[in-house]
Amino acid sequence: MTVSIAASGDAARAIDSVVPRLVTDLVASGITAQDPELWGPAAETEASKRLGWVEAVSVSRPLVDEVVALRESLRAGGVDHVVLAGMGGSSLAPEVITRTSGVALTVLDSTDPAQVRAAVEHELERTVLVVSSKSGSTLETDSQRRVYEQAFRDAGIDPAGRIVVVTDPGSPLEAEAVAAGYRVFSADPNVGGRYSALTAFGLVPSGLAGADIAGLLDEADAISALLSVDIDENPGLVLGAVLAGTSPLRDKIGIVPDGTHIVGFGDWVEQLIAESTGKSGRGLLPVVLDVDSPEVTAGLPDLQILRLVGSRDDERHVADGEVEITGTLGGQFLVWEYAVAVAGRLLGIDPFDQPDVEAAKVAARALLDDRPAPAEPAFTEGGTAVRATPGLSVGTSIAEAVTGLLSELDATGYLAVQAYVDRTANRDLESLRDALAARAGRPVTFGYGPRFLHSTGQYHKGGPANGVFLQIVADQPDDLPIPGRPFTFGQLIQAQASGDASVLAQHGRPVLTLTTTDVAAVTAALASAVSL
């Protein structure tokens, strides 16, 4: 078997009680047959056009030779540096595939002007840009494409030979790409972005970068027959029961890499779970952890620890209350997709829509159109302006403001840290996650903006109303224009942060925003604050 799952405690009891019911209800074969009625009448319309991923292995096979041929053609012309412009599901799977394969791929899923500039200025003469967007109207991806087109032209390079597009047939992007002479790969319109790992969105950029995409499909194919059968050993049913079948429900899912060969899998799983299940006031919150993160040993009653291990055998002991899963990357992609679809059924929600993602986009566009002056900060400390939603006590220092935010946490809550900064240059910020978790005594998630808006952003607004939010927003002095747009990258990312904060506030979520001209200084200030 390419995927193996072992469980103890509540998770094991969930498997024993829930899986037989799923087998009786023919859930696995129903998903494979693309039965849209499995999630109830309210979900039927969306589910009827979002189950194409169950056929991804066979549908995607013809892509392999096309991608490999294009890769060899580009390399023959000295073009071997691959950049991916895409958000959410369009970028997270390729990031995992290429990191696990050990091949280089620059993932540009940011509107931070410093991060965009650094990508565009790096080895442009050797660069091919892959533009991935299902709708073709994703604002971030459109902006990234525009700046690369201009950079290619300024360097005397014809963009037609350097831009590859992955999009749904009939999208606005497809029409523009064809007119511009770009190479276009059509994606399956019946697959949502977060379920698209084994489609053109996952395979084209990964294959161009040098990953073995044929092998990846082979790995998924090896588990696909078992996933379609209604039996107790079906790993999709087993994992679905682990995720959403515990009683009482452990609705925080701790993803812990612990010996797995797969690099960065937690980020892909995070998007799949959060965007699929966080709605109608219900959902599962994925928390990406390390083996020594505070939550792992805290014994939180609502946190299910799931370890991604390197291998399993019958003699291996699974820690009490935990789950271990091992398997190939292609196999795990497909198992997790089945499992999250099963979890949606158990939770009574539609796992294929994302109603609250759009709200943040609308709010950001409104701020770009009107560009109101920012609200006055409650106070300024050094180069950091401190703002908060009404009713949140912030005191007169960053330390007091953090204390005020954490005081809003209850016994079921979580803290989300949202960093609208250059993620390639500010990795030190991530170290705050563990420190904040130790201080809060509750799960803490960490996401870079705006990329998290296309993943956990759905859960934050549509899931249970028990989150508190810390925004860290870089105020970049060196901005970058967006060709053909009346706003800059700096203005765009500021609008995205402010728009999301406003939507969170409308949903009653407390938000503390630190806008800074010095990310390193605010990192140090926060580290000091949480150590008090």
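Everything here concerns the structure above.
Fair warning: this is a prediction, and the values are worked out from it, not measured in the lab.

Undergrad: Give me the overall build of the protein chain: which residues, what numbers.
TA: For the protein chain, the count of helices and strands is 19 helices and 16 strands. Here the protein chain has a C-alpha radius of gyration of 22 Å; the compact-globule value for 532 residues is 24 Å, and the two agree. Viewed in the frame of its principal axes, the protein chain has a C-alpha envelope of about 60 × 55 × 45 Å. The contacts of the protein chain with a sequence gap of at least 6 include a subset with a gap of at least 24, amounting to 77%. Counting every atom, the protein chain has about 18900 Å² of accessible surface; 50% of that belongs to carbon and sulfur.

Undergrad: Lay out the environment of Lys252 with the relevant residues and their values.
TA: Assignment of secondary structure puts Lys252 in strand S7 (residues 252-258). Along the primary structure Lys252 and Leu129 are separated by 123 residues, whereas in three dimensions their C-alpha atoms are 37 Å apart. Leave out the neighbours within four places in its chain, and Lys252 touches Leu285, Asp302, Leu303, Gln304, Thr412, Gly413, Arg442, Pro443 and Asn466.

Undergrad: Please set out the pattern of salt bridges residue by residue, giving values where relevant.
TA: In the structure shown here, the tally under the stated rule is 32 salt bridges. A salt bridge links Arg307 to Asp258; the shortest N-O distance between them is 3.0 Å. Highlighted residues: Arg307 in strand S9 (residues 303-309) and Asp258 in strand S7, separated in sequence by 49 residues. Relative accessible area serves as the criterion here: at 13%, Arg307 is assigned to the buried category.

Undergrad: A description of the sheet that holds strand S8 (residues 285-288) should follow, citing residues and the corresponding values.
TA: What the five strands build is an open sheet, ordered S1-S10-S9-S7-S8; its pairing is mixed. Here the strands that pair on one side only, and so sit at the sheet edges, are strand S1 (3-7) and S8. Ignoring which end each strand starts from, the neighbouring axes of this sheet average 25° apart. Inspection of the sheet shows S7 paired to S9 by seven bridges, in the parallel sense. Paired with Lys252 across the bridge in S9 is Leu303. Across the sheet, helix H12 (residues 265-277) lies against S7, S8 and S9, angled at about 170° from S8, the strand it touches most.

Undergrad: Quick rundown of the side chain of Thr445? Include the residues and the values.
TA: Considering the arrangement of structural elements, one finds Thr445 in strand S14 (residues 444-448). The contact partners of Thr445, leaving out residues within four places of it in the chain, are Leu285, Pro286, Val287, Leu415, Ala416, Val417, Arg433 and His460.

Undergrad: Before we move on, can you summarise the nonpolar core with the specific residues and values?
TA: The tendency in soluble globular proteins is for nonpolar side chains to be buried side by side. By size, the foremost hydrophobic cluster in this structure holds 90 residues, and its most contacted members are Ile31, Trp53, Leu243, Phe265, Trp268, Phe333 and Trp336. For this core, the element with the highest residue contribution is helix H13 (residues 329-347), accounting for twelve residues. When residues no more than four places from it in sequence are discounted, the contact partners of Trp336 are Leu239, Leu243, Ile255, Phe265, Trp268, Val269, Leu272, Ile273, Leu306, Leu308 and Ile325. By size, the runner-up hydrophobic cluster in this structure holds 32 residues, among which are Val468, Leu512, Val522 and Leu526.

Rules used in this analysis
- Residues numbered from 1 in each chain as written.
- Predicted model: local features only at pLDDT ≥ 70, side-chain atom pairs only at ≥ 80, totals over all residues.
- Heavy atoms only, no water.
- Helix = DSSP H or I, 4+ residues; strand = E, 2+ residues; numbered from the N terminus.
- Rg over C-alpha atoms; globule rule 2.2 N^0.38 Å.
- Contact = heavy atoms within 4.5 Å.
- Areas by Shrake-Rupley, 256 points an atom, 1.4 Å probe, with all protein chains shown as cover.
- Salt bridge = Lys/Arg side-chain N within 4 Å of Asp/Glu carboxyl O.
- Buried < 20%, exposed > 50% of the residue type's maximum accessible area, 1.4 Å probe, protein only.
- Pairing = 2+ DSSP bridges.
- Axes fitted to C-alpha atoms, helices over the stretch in contact; angles between N-to-C directions.
- Core = buried A, V, L, I, M, F, W, Y, C linked by side-chain atoms within 4.5 Å.

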